[in-house]
Amino acid sequence: RTRLENRPRIFPIPGIDWKINKRLSFRTAQGGTLSWQIDDKRKWIADFTAGYESRSFRLDDGGPVPDGVVDERRIPVTASLRYGPNPGMFARVFAGAAFAQKLEFLDADGDRVETLDADSTLIAGVSGSIRF
């Protein structure tokens, strides 16, 4: 993936899609996800996902670190419940938290100005999909 004014970061992660048993599976896609098929018709599925995120943001020139960059690293962990009445439609609710959040502020020359360990934050939402 590309990064602000840096060389791209490449970190190969093997794609795993393991059906542990009839109802339980594990896959790696944007982290690791353990899924449990609640009913026999595959309409209800519960997921537990954990991953690692690293992002960089450019700061504006009028702030406390003009033209600087903030690097954010965190470990999001979520649990979700998904309902799909048919293969072309689903609705999902999820909740969790982002742990081990670290913010590193760099000045315009790339020198570290400050590093902060942020408190855990809530992650929650609703999503859905309809295919025609």
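The structure this text deals with has already been given above.
These numbers come from a predicted model, not from an experiment. (Residues numbered from 1 in each chain as written. Predicted model: local features only at pLDDT ≥ 70, side-chain atom pairs only at ≥ 80, totals over all residues. Heavy atoms only, no water.)

### Some words on the overall build of the chain
Looking only at helices and strands, the chain features 0 helices and 9 strands. Seen in sequence order, the chain has helices and strands lined up from the N terminus as β-β-β-β-β-β-β-β-β. In terms of C-alpha radius of gyration, the chain reaches 19 Å, well past the compact-globule figure of 14 Å for 132 residues. Along the first, second and third principal axes, the C-alpha atoms of the chain reach 55 × 30 × 30 Å. Burial status across the chain gives 24% buried among its 132 residues. Within the structure as shown, the chain displays about 9600 Å² of accessible surface, and the carbon and sulfur contribution to it stands at 58%. Seen as two clouds, the 20 positive and the 18 negative side-chain charges of the chain have centres 16 Å apart. (Helix = DSSP H or I, 4+ residues; strand = E, 2+ residues; numbered from the N terminus. Rg over C-alpha atoms; globule rule 2.2 N^0.38 Å. Buried < 20%, exposed > 50% of the residue type's maximum accessible area, 1.4 Å probe, protein only. Areas by Shrake-Rupley, 256 points an atom, 1.4 Å probe, with all protein chains shown as cover. Lys, Arg positive; Asp, Glu negative; His and termini not counted. Charge placed at Lys NZ, Arg CZ, Asp CG, Glu CD.)

### Considerations on a nonpolar patch on the surface
Nonpolar side chains collect at one region of the surface, where Trp36, Ile38, Trp44, Leu81, Tyr83, Val93 and Val126 lie side by side and expose about 640 Å² of accessible area between them. Counting through the fold element by element, tyrosine 83 comes out in strand E6 (residues 69–86). (Patch = residues over 30% accessible without salt bridge, like charges linked within 9 Å, V, L, I, M, F, W, Y side chains within 5 Å. Salt bridge = Lys/Arg side-chain N within 4 Å of Asp/Glu carboxyl O.)

### Observations concerning the pairing of strand E8 (residues 112–118)
On a regular strand, each side chain points to the face opposite its neighbour's, so the side chains alternate between the two faces of the sheet. Pairing of strand E7 (residues 89–106) with E8, which is carried by 6 bridges, proceeds in the antiparallel orientation. Bridge pairing in E8 places leucine 106 opposite arginine 112. Between E7 and the antiparallel strand that follows it, E8, lie 5 residues; glycine 110 among them carries a positive phi value of about 90°. (Pairing = 2+ DSSP bridges.)

### With respect to the environment of leucine 81
Among the structural elements, leucine 81 can be located in strand E6. We classify leucine 81 as partly exposed; its relative accessible area is 34%. Separated by 33 residues in the primary sequence, leucine 81 and phenylalanine 48 have C-alpha atoms spaced 9.2 Å apart.

### Considerations on the environment of serine 80
Topologically, serine 80 is positioned in strand E6. Placed 15 residues apart in sequence, serine 80 and alanine 95 show a C-alpha to C-alpha distance of 6.5 Å. A polar contact is formed between the side chain of serine 80 and the side chain of arginine 92, at a distance of 3.5 Å. (Polar contact = N/O pair within 3.5 Å; in protein donor to acceptor, adjacent residues only side chain to side chain.)

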